[in-house]
Amino acid sequence: MSLAFPLGLLALLGLALPLLVHLARREEQVPTMFAALRWLQARRKPQRRFRLEEFLLLALRLLLVAGLALLLASPFLRGATGAPAWVLVHPALDPAQVERNPETPAHWLAPGFPPLEGPAPATDVPVASLLRQADGELAAATALTVWLPARVTGFDGERPRLSRAVDWRVLPTPAAAAPEASNATPFALAIRHAPDRADQARWLRAAQKAWQVAAGADAPAGDAAIAGTPLPDKVQAVAWLAPGELPPELRAWIEAGGTALIAHDAIWPITGGGTATHDDTDWLTETRLGAGRVLQLHPPLYAEAFPALLEPDFPARLRARLEAAPPAPTLADVAAMAPRTGADGFEPAPRPLEPWLVAALLLLFALERWFAASPRRGAPA
Amino acid sequence: MSGPDFIPAAVRARLKDLRLAGRRAAGGHGFGQHRSRSRGAGLEFAQYRAYEPGDELRQIDWKLYARSDRFFVRESERDSPLTAWVLVDATASMAQGDAARPGWTRLDAARALAACVFELALRQGDRFGLAAISGDGLQLVPPGAGPRHRDRCLLELQGLRARGDWPDETRLRPLWERIAAGQLVLLLGDDFDEGAVVLMEKLSAARREVLNIQLLTAEERDFPFRGGHRFRDPESDVELIGDGVAARADFLARFGAAREALQARLAASGVRRVEYFLDQPLDAPLRRLLAPQAAERA
């Protein structure tokens, strides 16, 4: 047991209080009729006798004060204790498939570790992170069993490293449909330009063509139209070649997660906010707006001002900038991702003792009152 | 309180061999069991006196006539009934009892003792009266005899309440009018009031035979108090705070000395005094008080 606030133990000085109360000469005065008062001389109880009265009550009161001091010092216990075994089941699995001892607590491998009796949470759980969390929260002695389908997302780049050996069970269930990798996927760019900037839009249309050729002839490549034309359904990015402010619907589209390439003289939609990251070639500034991204060209789109337009790799470079960084590969073959041991154990969360202490103190207080007020004593102190 | 006449059955049984008798008190007129100053026919010789006309001839002591050639009448003592007064102190201090036996106060003991005395007197055909002295003054039942008179006295006792201080002498003046010389007076009280002691001394000096049973509680004898107490005198309402254990030795010494001094003082004025503690059997003080002296017994 440790103390979060050891100075609270200074309240132990309060132990002197019940001692003083019991040392104080309690002038217990039982009214007594006594007619022979003439021959009686007032004699007080001798002072020098150092006698503590009612040891049991005193002990109770000392305990009470000490307990209060301890409460002030906020004691807590280190070292988690818990069930001897834990079972974690991936939400993609059917609990009926899992063989387990009904006594053992079973939980979904999901944030918060809801019990298995509840409904299955969403399946896209960060498996590795949750494993580390469970490893950290559980006591060192708790045996951990994890049930997983054969293929799941949510792993890190390497095998998880935990502080304990994990019973790693893999069930050959139909894995969650893994999103396909998108190296050669078509990339659709919608171009919206001011009526007098059709010549600038040419460059981007050329880039569209280049991407379409790379992806296949029937791949969508997006369109090009003057500003105000509604956006087509499936586009990955919008190029906005018009001076002035961005229209509100475009801003809403960006904030919902879209990517926009805007002209050099478009007025920046946000003032102050956002973090700009400069490309090494210094022709593009990127910032975030809501869930989406805004990339602003520095030079105007014609070859005299922007020689890189003439480079053969311009479409590839543009697409690389327009495409968000692909998500880290998290889909893994579960059997190959069995956790290794050897990680440092987590410091378990301290468990506060206050509730127990408060309950004990209340009990002590009730006991003390009962003793103090019990009729066999002469008078309540 | 046991029964309407205050006397427990066991005590009543032990009263049988007790006899109410005064040493100085003498019987009045009439026939009874006590020596009296009235002379007449009897067994015990009293005196010779000169013949007077009207005396019966058979009373003349003819042998003495033969020796002295004069008529003398032989007189004997006549046994006469006694008049016994029971004076009950009913001041507030009489309400005190022992914690060990709640409900048994000095006044209760005084009632029972008075009832015992009435019972003895009734058995012997003596006359008895009751005087209760409390803060309210004097309550008197004039002397009389017979069971109905006893019941009257018991009824008076029944209504007795302990309150007030000892009244001053002027209020006790009816006592002097009622209690004639030669009568027996038994005072039942705690004798803590100087007035009571003075009254006994004066009565004794005025040729009344005065007996006294001092009623004391067992607490006054043993002082068993422990811890702090607030002692309160019921009559003066003086309070005194003290620790029982610490005050015990001193109190016992002083109180014992006071009791001895009282004994000596009363003995000097011819008052016979016995102590009765509330935890003793009721007949013990009567037995000590009424026991025939060795000379009488012989």
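Residues numbered from 1 in each chain as written. Chains lettered and ligands numbered in written order. Predicted model: local features only at pLDDT ≥ 70, side-chain atom pairs only at ≥ 80, totals over all residues. Heavy atoms only, no water.

**Regarding the overall build of chain A**
Here is step 1 of the chain: The secondary structure content of chain A amounts to seven helices and 21 strands.
Here is step 2 of the chain: Classification of the 381 residues of chain A by burial places 38% in the buried group.
Here is step 3 of the chain: Residue pairs at least 24 apart in sequence account for 67% of intrachain contacts in chain A once pairs closer than 6 positions are excluded.
Here is step 4 of the chain: Surface exposure of chain A reaches about 21300 Å², of which carbon and sulfur atoms provide 61%. (Helix = DSSP H or I, 4+ residues; strand = E, 2+ residues; numbered from the N terminus. Buried < 20%, exposed > 50% of the residue type's maximum accessible area, 1.4 Å probe, protein only. Contact = heavy atoms within 4.5 Å. Areas by Shrake-Rupley, 256 points an atom, 1.4 Å probe, with all protein chains shown as cover.)

**Section: the packing of aromatic side chains**
We describe a pair of aromatic rings using the distance from one ring centre to the other and the angle between the two ring planes.
Here is step 1 of the chain: The tally for this structure, following the rule as stated, stands at 22 aromatic pairs over all chains.
Here is step 2 of the chain: Measuring from ring centre to ring centre gives 5.8 Å for Trp62(B) and Tyr65(B), while their planes differ by 90 degrees; the resulting arrangement is edge-to-face. One end of the pair, Trp62(B), and the other, Tyr65(B), are both in helix α2 (residues 62-68), three residues apart, so they sit about a helical turn from each other.
Here is step 3 of the chain: Classification of Trp62(B) as partly exposed rests on a relative accessible area of 45%.
Here is step 4 of the chain: Members of the aromatic cluster, connected to one another through ring pairs, are Phe34(A), Trp39(A), Phe192(B), Phe223(B), Phe225(B), Phe231(B), Phe251(B) and Phe255(B).
Here is step 5 of the chain: Sitting over the face of the ring of Trp203(A), Arg202(A) holds its NZ or CZ atom 5.8 Å from the ring centroid.
Here is step 6 of the chain: The ring of Phe277(B) carries Arg221(B) above its face, with NZ or CZ at 5.0 Å from the centroid. (Phe/Tyr/Trp six-rings, centres within 6.5 Å; stacked < 30°, edge-to-face > 60°. Lys NZ or Arg CZ within 6 Å of the ring centre and 35° of its normal.)

**Here we look at the interface of chain A and chain B**
Here is step 1 of the chain: Contacts between the two partners involve 20 residues from chain A, matched on the other side by 29 residues from chain B.
Here is step 2 of the chain: Interface area lost by chain A to chain B is led by Met33(A), Phe34(A) and Trp39(A), which between them contribute 28%.
Here is step 3 of the chain: Summed over the shared surface of chain A and chain B, the result is nine residue pairs in polar contact (both at pLDDT 80 or more).
Here is step 4 of the chain: Taken together, the residues of the side of chain A that touches chain B break down into 11 nonpolar, three polar and six charged.
Here is step 5 of the chain: Taken together, the four bridges between strand β2 (residues 30-33) of chain A and strand β8 (residues 228-232) of chain B define a ladder with parallel strand orientation. Bridged to Met33(A) within β8(B) is Arg232(B). (Buried area = accessible area lost by both parts, 1.4 Å probe. Polar contact = N/O pair within 3.5 Å; in protein donor to acceptor, adjacent residues only side chain to side chain. Nonpolar A, V, L, I, M, F, W, Y, C, P; charged D, E, K, R; others polar. Pairing = 2+ DSSP bridges.)

**A word on the nonpolar core**
Considering soluble globular proteins, one finds that nonpolar side chains tend to be buried as a cluster.
Here is step 1 of the chain: Core analysis: the largest hydrophobic core is formed by 46 residues, its most contacted members being Val88(B), Leu188(B) and Ile213(B).
Here is step 2 of the chain: At the level of elements, β3 (83-89), α3 (106-124), β4 (127-134), α4 (147-158), β6 (184-189), β7 (209-216), β10 (272-277) and α9 (283-290) of chain B are the ones that each hand at least two residues to this core.
Here is step 3 of the chain: What Ile213(B) contacts, discounting residues up to four positions off in sequence, is Leu113(B), Leu186(B), Leu187(B), Leu188(B), Gly189(B), Val274(B), Tyr276(B), Pro285(B), Leu286(B) and Leu289(B).
Here is step 4 of the chain: Within the second largest apolar cluster, 32 residues are counted, among which are Trp108(A), Leu148(A), Leu162(A) and Leu171(A). (Core = buried A, V, L, I, M, F, W, Y, C linked by side-chain atoms within 4.5 Å.)

**Some thoughts on the sheet that holds strand β9 (residues 166-171) of chain A**
Residues and elements named next belong to chain A.
Here is step 1 of the chain: Taken in spatial order, the four strands line up as β5-β4-β6-β9 in an open sheet, and their pairing is parallel. The outermost strands of the open sheet, each flanked by one partner alone, are β5 (106-108) and β9. Ignoring strand direction, the axes of neighbouring strands in this sheet form an average angle of 20 degrees.
Here is step 2 of the chain: Note that strand β4 (residues 85-89) and strand β6 (residues 143-149) share five bridges and pair parallel. Bridging across to β6, tryptophan 86 finds its partner in leucine 144. (Axes fitted to C-alpha atoms, helices over the stretch in contact; angles between N-to-C directions.)

**Things to note about the pattern of salt bridges**
All names here are of chain B.
Here is step 1 of the chain: Applying the stated criterion across every chain yields a total of 30 salt bridges over all chains.
Here is step 2 of the chain: The shortest N-O distance in the salt bridge between aspartate 61 and arginine 74 comes to 4.0 Å. You can see aspartate 61 sitting in the loop between β1 (34-50) and α2 and its partner arginine 74 sitting in strand β2 (residues 72-80), a full 13 residues away along the chain.
Here is step 3 of the chain: For arginine 74, a relative accessible area of 40% translates into the label partly exposed.
Here is step 4 of the chain: The residue aspartate 151 makes a salt bridge to arginine 150 at a minimum N-O spacing of 3.3 Å.
Here is step 5 of the chain: The exposure class assigned to aspartate 151 is partly exposed, which follows from its relative accessible area of 40%.
Here is step 6 of the chain: Bridged by salt links that share partners, the residues Arg12, Glu119, Arg150 and Asp151 form one connected network. (Salt bridge = Lys/Arg side-chain N within 4 Å of Asp/Glu carboxyl O.)

**Observations concerning the sheet that holds β8(B)**
Here is step 1 of the chain: Here we have three strands laid out as an open sheet, ordered β2(A)-β8(B)-β9(B), and mixed in their pairing. A strand with exactly one partner marks an edge of an open sheet, and here the two such strands are β2 of chain A together with β9 (239-243) of chain B. In this sheet, adjacent strand axes meet at a mean angle of 30 degrees when their direction is disregarded.
Here is step 2 of the chain: Here five bridges tie β8(B) to β9(B), and the two strands are oriented antiparallel to one another. If you follow Gly228(B) over to β9(B), its bridge partner there is Asp243(B).

**Quick word on unusual backbone geometry**
Here is step 1 of the chain: The residue Phe113(A) is not glycine, and still its phi comes out positive at about 45 degrees.
Here is step 2 of the chain: Among the structural elements, Phe113(A) can be located in the loop between β5 and α3 (127-137).
Here is step 3 of the chain: One non-glycine residue, Asp237(B), lies in positive phi territory at about 60 degrees.

**Here's the deal with the environment of Glu99(A)**
Here is step 1 of the chain: One can find Glu99(A) in the loop between β4 and β5.
Here is step 2 of the chain: Glu99(A) gets classed as exposed once you look at its relative accessible area, which sits at 61%.

**Remarks on helix α6 (residues 194-205) of chain B**
Residue and element names in this part refer to chain B.
Here is step 1 of the chain: Relative to the 16 Å expected for 12 residues at 1.5 Å per residue, α6 spans 16 Å between its end C-alpha atoms, a close match to the ideal helical length.
Here is step 2 of the chain: Residues of α6 that are buried sit in contact with β3, β4, α5 (173-178), β6, β7 and α8 (244-268).
Here is step 3 of the chain: Positive phi shows up at arginine 207, right after α6, with a value of about 65 degrees. (Expected span 1.5 Å × (residues − 1).)

Function cannot be read off these values alone, since they describe shape.
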